[in-house]
Amino acid sequence: MERINHTLRRLRRDENGAALVEFAIMLPLTLVTFAMIIEGSRLMWSYQATAAGVRDAARYLARVAPATICANGGSVATYSAQLKSIIENNSSGNTLFPSGISVTSVTPSLTCVAGTFRISPAPVAQVQANLQITFPFASVFDLISHNLLTINTTVTDQARIFGT
């Protein structure tokens, strides 16, 4: 019995390997925190870039569509490809988004608002972009039992059409 007590006292005082155990306990939490910081940054950057692109696309559409589009009848659907290019690319033609982030669709629409305007009904263009974000660190989130593979979101902006 004395020998067992002596061995237990010796083990309690021995600190070899304590740092390794502490590291093993903290590693999953550190990885999840790192992944959340990286993915959160990518998410905000992508959303802000998309919001700016959709705003620019709505302004572009407000300038190129004819001001009499409501009175004469017409559609803004033919501008989809140009608007998608405005949202995805910068002025040099280079893509704005990192890998794993894509604009899946761009939908322009037209609303004719009746009222006492100079041009009545007043044409209002709306641009809606659907954004899909795939996370490269998604497997790290499995450590905390969250299945986070992709996020789909929609960004919309409107502008009054002044025409060409």
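Since the model is a prediction, treat every value here as computed from it, not as a measurement.

## Notes on the overall build of the protein
Part 1: Looking only at helices and strands, one finds four helices and three strands in the protein.
Part 2: Taken from N to C terminus, the helices and strands of the protein fall in the order α-α-α-α-β-β-β.
Part 3: Compactness check: the protein gives a C-alpha radius of gyration of 28 Å against a globular reference of 15 Å for 164 residues, more than 25% above the reference.
Part 4: Expressed along its principal axes, the backbone C-alpha trace of the protein runs to roughly 100 × 35 × 20 Å.
Part 5: Taking all 164 residues of the protein together, the buried fraction comes to 26%.
Part 6: Here the analysis covers contacts within the protein between residues at least 6 apart in sequence; of these, 67% occur between residues at least 24 apart.
Part 7: Of the roughly 10500 Å² that the protein leaves accessible, carbon and sulfur atoms contribute 58%.
Part 8: Looking at the protein, you have 12 positive and 9 negative side-chain charges, and the mean spots of the two groups are 7 Å apart.

## As for the nonpolar core
Part 1: Grouped together as the largest cluster of nonpolar side chains are 26 residues, with contacts concentrated most on Leu61, Leu83, Ile87, Val103, Val106 and Val127.
Part 2: Breaking this core down by element, the ones donating at least two residues are α2 (18–64), α3 (69–72), α4 (80–88), β1 (101–113), β2 (122–134) and β3 (150–160).
Part 3: Per element, the largest residue contribution to this core is six residues, and it comes from α2.
Part 4: Setting aside anything within four residues of it in sequence, one finds Val106 in contact with Ser80, Leu83, Lys84, Ile87, Val127, Gln128 and Ala129.

## Comments concerning the environment of Ala19
Part 1: Assignment of secondary structure puts Ala19 in helix α2.
Part 2: Here the alpha-carbon distance between Ala19 and Lys84, two residues 65 residues apart in the chain, equals 53 Å.

## Focus: the confidence of the model for the protein
Part 1: Of all residues in the protein, 91% have pLDDT values of 70 or greater, and the mean over the chain is 83.
Part 2: Here helix α1 (residues 2–13) stands out as the least confident element of the protein, with mean pLDDT 74; α4 is the most confident, with 91.

## Let's talk about the state of the cysteines
Part 1: Overall, the coordinates contain one disulfide when judged by the stated rule.
Part 2: Covalent S-S linkage joins Cys70 and Cys112, the inter-sulfur distance amounting to 2.0 Å. The sign of the S-S torsion, about -95°, decides the handedness of the disulfide formed by Cys70 and Cys112: left-handed. Within this pair, whereas Cys70 is found in helix α3, its partner Cys112 is found in strand β1, the two being separated by 42 residues in sequence.

## A few points about a nonpolar patch on the surface
Part 1: On the surface, Leu20, Phe23, Leu27 and Leu31 cluster together into a nonpolar patch covering about 390 Å² of accessible area.
Part 2: The residue Leu20 is located in helix α2 in this model.

## Quick notes on the side chain of Gln126
Part 1: Structurally, the position occupied by Gln126 is in strand β2.
Part 2: A polar contact is formed between the side chain of Gln126 and the side chain of Gln158, at a distance of 3.0 Å.
Part 3: What Gln126 contacts, discounting residues up to four positions off in sequence, is Thr107, Pro108, Ser109, Thr156, Asp157 and Gln158.

Analysis parameters
Residues numbered from 1 in each chain as written. Predicted model: local features only at pLDDT ≥ 70, side-chain atom pairs only at ≥ 80, totals over all residues. Heavy atoms only, no water. Helix = DSSP H or I, 4+ residues; strand = E, 2+ residues; numbered from the N terminus. Rg over C-alpha atoms; globule rule 2.2 N^0.38 Å. Buried < 20%, exposed > 50% of the residue type's maximum accessible area, 1.4 Å probe, protein only. Contact = heavy atoms within 4.5 Å. Areas by Shrake-Rupley, 256 points an atom, 1.4 Å probe, with all protein chains shown as cover. Lys, Arg positive; Asp, Glu negative; His and termini not counted. Charge placed at Lys NZ, Arg CZ, Asp CG, Glu CD. Core = buried A, V, L, I, M, F, W, Y, C linked by side-chain atoms within 4.5 Å. pLDDT = per-residue confidence, 0-100. Disulfide = S-S within 2.5 Å. Patch = residues over 30% accessible without salt bridge, like charges linked within 9 Å, V, L, I, M, F, W, Y side chains within 5 Å. Salt bridge = Lys/Arg side-chain N within 4 Å of Asp/Glu carboxyl O. Polar contact = N/O pair within 3.5 Å; in protein donor to acceptor, adjacent residues only side chain to side chain.

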